[in-house]
Amino acid sequence: RVQLALQHLDLSLNSLTYDSLVECVWPPDITHMNLSSNGLTESVFKCLPNGIKIPDLQNNQVSVVPESILKPDHLLALDLSANRLRDLPVCDGFPTLYLLLLKANSLHAPTVSNLKSCPRLKILDVSLNPFTCTCALRSFLSLGINSEQKNGRRGIELVSWPWAYNCSYPEAFRNSTLKDIWIPEISCNVGLLAATILGPAVIVIIAAVTLCHRLDGPWYMGMIWQWTRAKHRARTQQVRPEDLVGVEFHAFVSYSQHDAEWVQNSLLPNLEGPAGGLRICHHEKNFVPGKTIIENIIRCVEKSRHSVFVLSAHFVKSEWCHYELYFASHNRVSRGSDSVVLVLLEPLPQYLIPSKYYQLKAMMDRHTYLEWPQDRAKHRLFWANLRAALQADLPNAAVRGLEE
């Protein structure tokens, strides 16, 4: 006498639901179960028989496969096609799973790392899903390509690859097969992208800074900035007419007798005459005989719109230069702070400046001064900068005197 046991059960095309409030009791020998086309959710996994091998759950309402469920030790195939899954399930509950069908779900960018928990999985169907072809899909693309080349991870074969795997987003890739798109790693790796962009940028910046330093770029930029400021002040600064009464010169030049050669051969030719067009006052030409030196200094300072001081180690040792600087600094009250122009003929550290020159120290700390460049290529810009600092309108009387 043969005893028959129920092994195959078909409950498809019904309206079955399960709310997990009641414990499911099944005949112990059921191995194949068709529950497709019902209204079952993820709670159905708590209701499957322990000995189930091939459950058919396609066309239900399953959105996720719970990780904490009973472990059907003999489960070989799982069909979850046409459900609502958003990602690949973790197979910790199905250690013997061989076939996994997830066709026509809602998988946008499957997490391939979840398959690490499926040691015996050989066949995977994820076709007809709305794939989002962005960086998150790169690992799945690699899985598909490797599957086609028959050397996929753990030998997993993608069913219907590549024709049934198409992009749904972005719009530019819509309906393109995953095999035909290319998502470069550089666009997905922030570190690599930053290195690719910042690396050349840093090299260019370093090269520019090095080149700028070798060509004295900071010096040229500083001189151009001073020239621009001087031109701007000349256009915008307003001096009361009564403060310019008696002014006949654009500048009075104060210097040490030790620096007279540079003043005569370089400074004056580039400021006076056709080269500069400025009227310059200096003691060798404009001091009046018979008057005291102090009287001549006061007279020259008062008759000049600006005072130029040629600074050097010799300058700070000269008593007369000290007087000229003293009277010019007091004259700034009526002529403006830019009425004093400092020209540094040679390096002049602060510790070399005597304490009585406290006004000079204060000026050098607060105001920009012009440095005489040793490089002849820079001389032209230096003179242009100095002329711009001294350029100013003189009273009509002084202009007539110049014309005469």
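Residues numbered from 1 in each chain as written. Predicted model: local features only at pLDDT ≥ 70, side-chain atom pairs only at ≥ 80, totals over all residues. Heavy atoms only, no water.

### A closer look at the environment of Ile156
Examined against the element boundaries, Ile156 turns out to sit in the loop between helix H1 (138-148) and strand S8 (157-158). For Ile156, a relative accessible area of 2% puts it in the buried group. Taking the C-alpha atoms as reference, Ile156 lies 6.8 Å from Leu124; in sequence the two are 32 residues apart. Those residues in contact with Ile156 that lie beyond four places of it in its chain are Leu115, Leu121, Lys122, Leu124 and Ser147. (Helix = DSSP H or I, 4+ residues; strand = E, 2+ residues; numbered from the N terminus. Buried < 20%, exposed > 50% of the residue type's maximum accessible area, 1.4 Å probe, protein only. Contact = heavy atoms within 4.5 Å.)

### Regarding the pattern of salt bridges
Summed over the entire model, instances satisfying the criterion amount to three salt bridges. Across the salt bridge formed by Lys303 and Glu248, the nearest N and O atoms sit 3.2 Å from each other. Separated by 55 residues along the polypeptide, Lys303 in the loop between helix H7 (293-302) and strand S12 (304-311) and Glu248 in the loop between helix H3 (217-236) and strand S10 (249-254) bring together distant segments of the chain. The exposure class assigned to Lys303 is partly exposed, which follows from its relative accessible area of 21%. Residues Glu272 and Lys285 are paired through a salt bridge, measuring 3.3 Å at the closest nitrogen-oxygen approach. Here Glu272, found in the loop between helix H4 (260-271) and helix H5 (273-276), pairs with Lys285, found in helix H6 (residues 283-286); they are 13 residues apart in sequence, far enough to count as distant. (Salt bridge = Lys/Arg side-chain N within 4 Å of Asp/Glu carboxyl O.)

### Re the pairing of S10
S10 sits mainly inside the fold: six of its six residues count as buried. With five bridges connecting them, S10 and S12 associate as parallel partners. Residue Ser254 lies in a different strand from S12, and its bridge partner there is Phe309. In the sheet, S10 pairs with strand S11 (residues 280-281) via two bridges, with the strands oriented parallel. Residue pairing in the sheet places Ala251 in a bridge with Ile280 of S11. (Pairing = 2+ DSSP bridges.)

### Things to note about H1
Residues of H1 that are buried: Phe140, Leu141, Leu143, Gly144 and Ser147. The buried residues of H1 occupy one face: seen down the axis, they fall within an arc of 155°. Elements in contact with the buried residues of H1: strand S6 (123-125), strand S7 (131-132) and S8. (Arc of directions from axis to C-beta.)

### Re the packing of H4 against helix H10 (residues 379-390)
Following both chains from N to C, one finds H4 and H10 inclined at 65°, their axes separated by 10 Å at the closest point. Viewed along their axes, H4 and H10 form a crossing whose handedness is right-handed. Counting all contacts with H4, which are made through Trp262, Ser266, Leu267, Asn270 and Leu271, the residues of H10 involved are Trp383, Leu386, Arg387 and Leu390. (Axes fitted to C-alpha atoms, helices over the stretch in contact; angles between N-to-C directions. Left-handed = near helix turned anticlockwise from the far one by under 90°.)

### A word on unusual backbone geometry
Between Trp161 and Pro162 the backbone carries a cis peptide bond, its omega angle lying at 5°. Tyr169 connects to Pro170 through a cis peptide bond whose omega is 0°. Within the secondary structure layout, Pro170 lies in the loop between strand S9 (167-169) and helix H2 (190-214). Positive phi values are uncommon outside glycine, yet Ser37 reaches one of about 55°. For Asn175, which is not glycine, the phi dihedral falls at a positive 70°. Position of Asn175 among the secondary structure elements: in the loop between S9 and H2.

### What about H10?
In this model H10 runs 17 Å from its N-terminal to its C-terminal C-alpha over twelve residues, within 8% of the 16 Å that 1.5 Å per residue would give. Buried within H10 are the following residues: His379, Phe382, Trp383, Asn385, Leu386, Ala388, Ala389 and Leu390. (Expected span 1.5 Å × (residues − 1).)

### A short note on the confidence of the model for the protein chain
On average, residues of the protein chain score 81 in pLDDT, and 83% of them reach the 70 mark or higher. Of all the helices and strands in the protein chain, helix H11 (residues 396-403) carries the lowest mean pLDDT, 42, while strand S2 (residues 32-34) carries the highest, 95. Counting interchain partners and residues more than four positions distant, the pLDDT-below-50 stretch residues 397-404 has five contacts. (pLDDT = per-residue confidence, 0-100.)

### A short note on the side chain of Glu324
By the secondary structure assignment, Glu324 is in helix H8 (residues 319-335). One buried charged side chain, Glu324, makes no salt bridge at all; its nearest oppositely charged neighbour is Arg299, positioned 11 Å away. Those residues in contact with Glu324 that lie beyond four places of it in its chain are Phe252, Ser254, Tyr255, His283, Phe287, Ile297, Val301 and Phe309. (Lys, Arg positive; Asp, Glu negative; His and termini not counted.)

### Details of the side chain of Ser304
Examined against the element boundaries, Ser304 turns out to sit in strand S12. Within the structure, the side chain of Ser304 is placed 2.7 Å from the backbone oxygen of Cys300, a separation counted as a polar contact. (Polar contact = N/O pair within 3.5 Å; in protein donor to acceptor, adjacent residues only side chain to side chain.)

### Examining the environment of Leu48
Note on placement: Leu48 falls in the loop between S2 and strand S3 (54-56). In sequence terms Leu48 and Ile30 are 18 residues apart; their C-alpha atoms lie 9.7 Å from each other. Non-local contacts of Leu48, meaning those with residues more than four positions away in its chain, are made with Trp26, Leu35 and Pro55.

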